[in-house]
Amino acid sequence: QVQLVESGGGLVQAGGSLRLSCAASGRTFSMAWFRQAPGKERDIVAAISWSGGGTYYADSVKGRFTISRDNAKNTVYLQMNGLKPEDTAVYYCAARSTQPAAPYDTWGQGPQVTVSS
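Conventions adopted
Residues numbered from 1 in each chain as written. Predicted model: local features only at pLDDT ≥ 70, side-chain atom pairs only at ≥ 80, totals over all residues. Heavy atoms only, no water. 1 Å grid on protein atoms, 1.4 Å probe; cavity = no way out; pocket = protein on both sides within 12 Å on 5 of 7 lines; lining within 4 Å. Points joined across faces, edges and corners; volume = space filled by probe spheres on them. Nonpolar A, V, L, I, M, F, W, Y, C, P; charged D, E, K, R; others polar. Helix = DSSP H or I, 4+ residues; strand = E, 2+ residues; numbered from the N terminus. Buried < 20%, exposed > 50% of the residue type's maximum accessible area, 1.4 Å probe, protein only. Contact = heavy atoms within 4.5 Å. Disulfide = S-S within 2.5 Å. Core = buried A, V, L, I, M, F, W, Y, C linked by side-chain atoms within 4.5 Å.

A.B. asks: A description of the layout of surface pockets should follow, citing residues and the corresponding values.
C.D. replies: Each pocket or cavity is described by its volume, and for the largest pocket that value is around 180 Å³. In terms of lining residues, the largest pocket is bounded by 13 residues, among which Arg-35, Ala-37, Lys-40, Asp-43 and Glu-86 are the most central. When its residues are assigned to classes, the lining of the largest pocket shows six nonpolar, two polar and five charged.

A.B. asks: Mind laying out the environment of Val-115, listing which residues take part and the relevant values?
C.D. replies: Its location among the elements puts Val-115 in strand β11 (residues 112-116). Using a relative accessible area of 5% as the deciding quantity, one classes Val-115 as buried. In the structure, Val-115 is positioned 54 residues away from Val-61 in sequence and 14 Å away in space, judged by C-alpha atoms. Ignoring any residue separated from it by four or fewer positions in sequence, one finds Val-115 in contact with Val-12, Gln-13, Ala-14, Leu-83, Lys-84, Pro-85, Asp-87 and Thr-88.

A.B. asks: Give me the lowdown on the state of the cysteines, citing residues and values where you can.
C.D. replies: Here the structure, examined in full by the defined rule, presents one disulfide. Disulfide partner of Cys-22: Cys-93, at an S-S distance of 2.1 Å. Looking down the S-S bond of the Cys-22 and Cys-93 bridge, the torsion is -80°, so its handedness is left-handed. Of this pair, Cys-22 sits in strand β3 (residues 18-24) while Cys-93 sits in strand β9 (residues 89-95); the two residues are 71 residues apart in sequence, bridging distant segments of the chain. When its relative accessible area of 0% is taken as the criterion, Cys-22 is described as buried.

A.B. asks: Kindly report on the nonpolar core, identifying the contributing residues and their values.
C.D. replies: In this structure, Trp-33, Leu-78, Met-80 and Tyr-91 are the most contacted members of the largest nonpolar core, which totals 28 residues. Elements with a contribution of two residues or more to this core: β3, β4 (31-36), β5 (43-48), β7 (65-70), β8 (75-80), β9 and β11. Setting aside residues up to four positions removed in sequence, Met-80 forms contacts with Gly-16, Ser-17, Leu-18, Leu-20, Arg-64, Phe-65, Tyr-91 and Val-113. Within the second largest apolar cluster, seven residues are counted, among which are Ala-32, Phe-34, Val-90 and Tyr-104.

Spelled out as structure tokens, the structure:
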């Protein structure tokens, strides 16, 4: 079974940048980043197809976040620029590892991202 290992979370001031990485132990199909703030539901932030040619962004992060992947390294990245306090959340990497159209079935441990004002 594929496992996901994330890195790159931390504390940053508003307007700053962070890059999250998610390394998969095997091949995956599409991958995504979700986030969950205290007392809120887990929401999708960005997603990327296996080829990297297709991407999706939540309206709240368009123009500030960029998702990318390196299939040679089985790794997906989330570059976060112009961070705002409302971006504070636990960020989860997710992958479709069994079928390309299946629900996301593999999850990372979720690094904390905290943006101070």
